[in-house]
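Inside the fold
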Amino acid sequence: MNKTSIVSAATALLLLGGVGFAQPPGITPEMIARALPLEGAPLAEPGPYAVTSEKAFGSPGLLVFRPTTLDSFPKKDTLPLMVWGNGGCAIETARYSGFLTTIASHGFLVMGTTAQEGAARRQATADDLRAAVDWAEKENTRDGSPLKSKIAMDRVAIMGQSCGGFLSIALGGDPRVKTIGVFNSGVLPANPGAPPSPFPTSEGLKSLHGPVLLVNGHEPDFMMANSKATFEAINSLPVFYGARHNAGHTATVFHPGGGEYANVASNWLMWQFKKDKKAAAMFVGKNCGLCTNANWDVQSKGIKG
């Protein structure tokens with residue numbers, strides 16, 4: 001994919017998010033919607049916790065997914081935070097509920113954005129995701145909050161799909177963010193002298209300071225080149241790259257429970273934030289779960305058990 005087509009692909013992620021702009025050349029809705037066939041695909045593997053989804057207290061533009069019963073936190077388990085950026089940088093997260101519920105069921109507070117009644121139609125920004133981290137900080141100290149003193153604010157992740165992956169990179173420099181996950185997305189090549197771009201370039205990777213997970217849908221995913229280029233550009237941080245054969249750009253995020261992508265995201269977070277050895281085995285070592293899976297092409301740098 002040449003630089004022009006990469007830029008067109010990135011523009012498509014933003015413009016086809018549902019805001020009604022003209023369609024960029026070369027990228028079709030069918031390309032964006034291409035997913036791994038459901039028949040025979042790996043199933044999502046939920047964790048031990050039932051999950052409640054609700055509007056964030058005092059912040060109607062934020063949606064929360066959390067374990068319904070919080071008695072185990074932090075006595076027997078931890079409750080790290082993951083904030084999610086939607087495909088197309090869409091405001092409404094409800095479409096990703098299955099995917100995010102699976103992650104929350106492993107003992108995570110998961111947050112996304114949601115449309116507010118009467119609000120003008122717009123797309124989410126990195127500031128919207130930052131507001132979710134801010135909310136969690138305040139809720140962790142608010143008297144009367146069911147989450148008071150239960151959120152592990154020293155373990156914060158930002159993840160996102162497609163255009164939401166741009167947001168995860170943009171927010172990855174926040175000192176509170178310890179790891180990011182970039183699904184079916186990646187940076188654009190740096191282009192000195194070009195007009196300012198709404199999309200992150202390789203220069204933006206310099207602000208990252210924690211492990212990076214990069215996942216794409218292999219050749220049917222038009223953002224595979226961006227994903228791989230992002231992996232190649234990161235040399236000072238632990239980074240794991242995985243291309244799932246035949247997954248396409250939407251991959252499995254809309255499979256029941258988020259399918260295989262939800263398992264990858266959950267295991268990454270359980271390894272990074274809960275030191276779960278079984279979860280780590282998906283990524284670590286020559287015989288790691290994804291390394292030996294014929295459906296995946298993987299590479300890593302700086303990854304240690």
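Since we're looking at a predicted model, the values are computed, not measured.

Details of the overall build of the protein
From N to C terminus, the protein includes eight helices and nine strands. Burial statistics for the protein: of 305 residues in total, 53% are counted as buried. Intrachain contacts of the protein at a sequence separation of at least 6 include 70% that bridge at least 24 residues. For the protein, the exposed area adds up to about 13,100 Å²; of that, 55% sits on carbon and sulfur atoms.

Overview of the packing of aromatic side chains
For any two aromatic rings, the description comes down to two numbers: the centre-to-centre distance and the angle of the planes. Applying the stated rule across the entire model yields 12 aromatic pairs. Considering the side-chain rings of Phe 183 and Tyr 261, the 5.5 Å spacing of their centres and the 50 degrees angle between planes classify their relative orientation as tilted. Of the two residues, Phe 183 is situated in strand S6 (residues 177–183) and Tyr 261 in helix H7 (residues 259–274); the sequence distance between them amounts to 78 residues. A relative accessible area of 0% places Phe 183 in the buried class. Seen in terms of ring centroids, Trp 268 and Trp 271 are 5.4 Å apart; in terms of plane orientation they differ by 90 degrees. Their pairing is edge-to-face. Highlighted residues: Trp 268 and Trp 271, both in helix H7, separated by three residues, approximately one helical turn.

As for the confidence of the model for the protein
Looking at the protein, pLDDT values average 90 and 88% of them are 70 or higher. Segment residues 1–8 is flagged for pLDDT under 50; beyond a separation of four residues in sequence, or across chains, it makes 14 contacts in the model. Contacts from residues 14–24, a stretch scored under 50 in pLDDT, to residues over four places away or in other chains number 28 contacts.

Structural notes on unusual backbone geometry
Omega for the peptide link from Phe 73 to Pro 74 comes to 0 degrees, which places this bond in the cis form. As for its placement among the helices and strands, Pro 74 is situated in the loop between strand S2 (59–67) and strand S3 (80–85). Despite not being glycine, Ser 162 shows a phi value in the positive range, around 60 degrees. Locating Ser 162 in the fold gives a position in the loop between strand S5 (152–161) and helix H5 (163–171). Backbone geometry at Asn 184 places phi at a positive 55 degrees, although glycine is not the residue there. Secondary-structure assignment places Asn 184 in the loop between S6 and strand S7 (212–216).

Focus on the pairing of strand S4 (residues 109–113)
Of all five residues making up S4, five are buried, and the element is well covered by its neighbours. Sheet topology places S3 next to S4; three bridges connect them, and they run parallel. Across the sheet, Leu 81 pairs through a bridge with Leu 109, a residue of S4.

So, the pattern of salt bridges
Across all of its chains, the model carries 13 salt bridges by this definition. Note that Arg 66 is salt-bridged to Glu 54, the shortest N-O span being 2.8 Å. Here Glu 54 lies in strand S1 (residues 51–56) and Arg 66 lies in strand S2, a separation of 12 residues in the sequence. One salt bridge in this structure joins Glu 139 and Arg 142, with 2.7 Å as the shortest N-O distance. You can call Glu 139 buried: its relative accessible area is 5%. Looking at Arg 142, the relative accessible area reads 24%, which means it is partly exposed. Sharing partners across several salt bridges, the network here consists of Asp 127, Arg 130, Asp 134, Glu 137, Asp 174 and Arg 176.

Scoring rules and cut-offs
Residues numbered from 1 in each chain as written. Predicted model: local features only at pLDDT ≥ 70, side-chain atom pairs only at ≥ 80, totals over all residues. Heavy atoms only, no water. Helix = DSSP H or I, 4+ residues; strand = E, 2+ residues; numbered from the N terminus. Buried < 20%, exposed > 50% of the residue type's maximum accessible area, 1.4 Å probe, protein only. Contact = heavy atoms within 4.5 Å. Areas by Shrake-Rupley, 256 points an atom, 1.4 Å probe, with all protein chains shown as cover. Phe/Tyr/Trp six-rings, centres within 6.5 Å; stacked < 30°, edge-to-face > 60°. pLDDT = per-residue confidence, 0-100. Pairing = 2+ DSSP bridges. Salt bridge = Lys/Arg side-chain N within 4 Å of Asp/Glu carboxyl O.

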